[in-house]
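# A look at the structure
Spelled out, the chains give:
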Amino acid sequence: MKRLFLMPVVAGAVFFAACGGNQTKEQSSTESTESAAPTEQAPAADIPGLDTVAVSNDLTLNANDLMTFDRKLFRVKAGQSVKLTLHNVGEMPKESMGHNVVVLAPGTDLPAFGGEAIKAVDTEYIPVTFGSSIVAHTKLLGPGETDVIEFTLDEKGVYPFVCSFPGHYGVMQGKIVAE
């Protein structure tokens, strides 16, 4: 019972910590645009552990009740079809611990995306305001559910992926490097 009470408290704390400091919206978008350009040009240059990850366009990801993905880094071939399978291996109900995967375009402002996702209850936390930044996404999954999506990353670059369930994006995120 303590665990059920603590999870929302921890999720809220993580969410607020991930929202950033006291930058203005204009400062934040300028900085994210400036920092995104080098990442797109040299995606593998500053990603620790990338050299230990095999290239595969068949990706499997597990999400659990501790708000974690079991993998945080993938390498794929750009321009080829990518198959991503998400399993929610948790036991908590979808309403309190649902999971999805949203693959985003390089340079997407993650805190802004997370802020909009919280408001998108009717679309399973997929914000239409970020439609042009969303490459692909799974359905929102409850315990024991699985979803498979296919998409293509046409351009080389680093594509962030997150769980957009409220409070999750701050800790449930990773990268897909298209080479």
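Residues numbered from 1 in each chain as written. Predicted model: local features only at pLDDT ≥ 70, side-chain atom pairs only at ≥ 80, totals over all residues. Heavy atoms only, no water.

## Regarding unusual backbone geometry
What is expected of a backbone is that most residues other than glycine have negative phi and most peptide bonds are trans. A positive phi is found at Met67, a non-glycine position, where the angle reads about 60 degrees. Its location among the elements puts Met67 in the loop between strand E1 (58-63) and strand E2 (73-76). One non-glycine residue, Glu124, lies in positive phi territory at about 55 degrees. Along the chain, the position of Glu124 falls in the loop between helix H4 (110-119) and strand E5 (134-137). In this structure Glu124 comes out as partly exposed when scored by relative accessible area, which is 30%. (Helix = DSSP H or I, 4+ residues; strand = E, 2+ residues; numbered from the N terminus. Buried < 20%, exposed > 50% of the residue type's maximum accessible area, 1.4 Å probe, protein only.)

## Re the packing of aromatic side chains
To describe a pair of aromatic rings, one takes the distance between the centres and the angle between the planes. Per the stated rule, a full pass over the model turns up four aromatic pairs. Between the aromatic rings of Phe74 and Phe161, the centroid separation amounts to 5.9 Å while the plane-to-plane angle is 45 degrees, which identifies the pairing as tilted. Linking Phe74 in strand E2 with Phe161 in strand E7 (residues 157-162), this pair joins segments that are 87 residues apart in sequence. Since its relative accessible area comes to 3%, Phe74 is described here as buried. Residue classification places Phe161 among the buried positions, given a relative accessible area of 0%. Here the aromatic residues Phe69, Phe74 and Phe161 are joined through ring pairs into a cluster of three or more. (Phe/Tyr/Trp six-rings, centres within 6.5 Å; stacked < 30°, edge-to-face > 60°.)

## Some points on the sheet that holds E2
Reading across the sheet, the five strands line up as E2-E8-E7-E4-E5 and stay open at both edges, with mixed pairing between neighbours. Of all strands in the sheet, those with a lone pairing partner are E2 and E5, marking the two edges. Across the sheet, the mean angle separating the axes of adjacent strands is 25 degrees when strand polarity is ignored. Examined bridge by bridge, strand E4 (residues 102-104) and E7 share two bridges and lie antiparallel to one another. Along E7, the bridge assignment pairs Val103 with Phe161. (Pairing = 2+ DSSP bridges. Axes fitted to C-alpha atoms, helices over the stretch in contact; angles between N-to-C directions.)

## Re the pattern of salt bridges
All told, the structure shown has three salt bridges when counted by the stated rule. In this structure, the salt-bridge partner of Arg75 is Glu179, at a minimum N-O distance of 3.0 Å. Note that Arg75 is positioned in strand E2 and Glu179 in the segment after strand E8 (173-178), a separation of 104 residues in sequence. Overall, Glu179 belongs to the partly exposed group, its relative accessible area being 27%. Ionic pairing is found between Glu116 and Lys119, a salt bridge with its closest N-O pair at 2.9 Å. (Salt bridge = Lys/Arg side-chain N within 4 Å of Asp/Glu carboxyl O.)

## Things to note about the pairing of E8
As a general feature of sheets, a regular strand has side chains that alternate between the two faces. Note that E2 and E8 share four bridges and pair parallel. Across the sheet, residue Arg75 finds its bridge partner in E8, namely Val177. Bridge count between E7 and E8: six bridges; the pairing is antiparallel. Looking at the pairing, Pro160 lines up with Lys175 of E8.

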